[in-house]
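Reading the structure
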Amino acid sequence: MKERVSDFMAGKGFYIVLLLCVAALGVSGYYLFSGMEDPGQTVSGPAKVTVTAAPSAMAVPPSTATPRPAATARPTATAAPKTTPAATAAPAPVTATASVFTWPVKGEVLRAYSVETLAYDKTMGDWRVHDGIDIAAAAGTQVMAPAGGTVADLYTDDLMGTTVVISHADGVMSTCANLAAVPSVEIGDAVRTGDVIGSVGQTAIGESAEASHLHLSMTKDGVSVDPLDYLPQ
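Residues numbered from 1 in each chain as written. Predicted model: local features only at pLDDT ≥ 70, side-chain atom pairs only at ≥ 80, totals over all residues. Heavy atoms only, no water.

Description of the layout of surface pockets
Stated formally: Computed over the protein atoms alone on a 1 Å grid, cavities are sets of points where a 1.4 Å probe fits but cannot get out and pockets are open sets with protein on both sides within 12 Å along at least five of seven lines; a residue lines them when it has an atom within 4 Å of a point. Grid points are joined across faces, edges and corners, and a volume is the space filled by probe spheres set on the points. Counting from the N terminus, the helices are the DSSP runs of H or I reaching at least four residues and the strands are the DSSP runs of E reaching at least two. Any residue that is not Ala, Val, Leu, Ile, Met, Phe, Trp, Tyr, Cys, Pro, Asp, Glu, Lys or Arg is counted as polar, Gly included; the first ten are nonpolar and the last four charged.
When its volume is computed, the largest pocket comes out at roughly 290 Å³. Taken together, 18 residues line the largest pocket, and the ones lying closest to its centre are H130, D131, M160, E207 and H215. For the lining of the largest pocket, the elements supplying multiple residues, two or more each, are β3 (126–130), β6 (149–157), β8 (172–179) and β11 (213–220). Among the elements that take part in the lining of the largest pocket, β3 stands out by supplying three residues, more than any other. The class makeup of the residues in the lining of the largest pocket is six nonpolar, six polar and six charged.

Here we look at the confidence of the model for the protein
As a reminder of what qualifies: Per-residue confidence from the predictor is reported as pLDDT, which spans 0 to 100. Only heavy atoms matter for contacts: two residues are in contact if any of them lie within 4.5 Å across the pair.
This prediction gives the protein a mean pLDDT of 78; 63% of its residues lie at or above 70. This model gives residues 38–65 a pLDDT under 50, and the stretch forms three contacts once residues within four places in sequence are excluded. Here residues 91–96 is a poorly scored stretch, pLDDT under 50, and it has 12 contacts once near neighbours within four places are set aside; other chains count.

Focus: the pattern of salt bridges
A side chain with one charge can pair with a side chain of the opposite charge if their charged atoms come near. Threshold: Between Lys or Arg on one side and Asp or Glu on the other, a salt bridge is scored when a side-chain nitrogen of the former is within 4 Å of a carboxyl oxygen of the latter. Buried, partly exposed and exposed residues are distinguished by accessible area as a fraction of the type maximum, computed with a 1.4 Å probe on protein chains only: under 20%, between the cut-offs, and over 50%, respectively.
Going through the model one piece at a time under the given rule, you end up with three salt bridges. Residue R111 pairs with D121 through a salt bridge whose shortest N-O separation is 3.5 Å. Here D121 lies in strand β2 (residues 114–121) and R111 lies in strand β1 (residues 109–111), a separation of 10 residues in the sequence. We classify D121 as buried; its relative accessible area is 4%.

Comments concerning unusual backbone geometry
Backbone geometry places D170, a non-glycine residue, at a positive phi of 60°. We note that N178 has phi near 65°; this positive angle belongs to a residue other than glycine. The buried category is assigned to N178, whose relative accessible area is 4%.

Below is the structure:
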């Protein structure tokens, strides 16, 4: 009996064991799928996971509002320093300090100052006053300003020819006559003592009989004075 069983197992036993294993696997699979198809269990489809990126500075749309400029402090107004006007104004007549005088030309006095005593006039052929001095100088000799001041007038006199009047300090005015036709200064010019204002000419027909000279007369507050009282000796 034992030998038959052994022969059977040796011949067909392998297939029987294999069949039993397949049956066991089938039973196990049945129960596995049966459990998954349990009506009490809710089976849902595959879950969809949505990943939302964390907000970043780049995701924020740019603002379309016009940015307002930052407020700035207004500068405190500073009053401009007061300045004395007329610092660059046209030069005014010199009246603040005493003037320093010089001879307008170097030469001999041909005819002296005489307003209280009549003197004979060679040109006019009569006796008359002489309100200045005639200083000998050749035609073309440069004539200098007797003192610093401002050219107050420039004109041609019928008898004394081309004339330049200079206003000095202390109400003193000097008049240089018998100049050449075109002086070196103009009305309003500021001059210093010794500045060239023109040259000796032959325009004074009222003194044409005299030798070539410059006629110089002066006033103080409108009153005629002797130029020799002001010129250095």
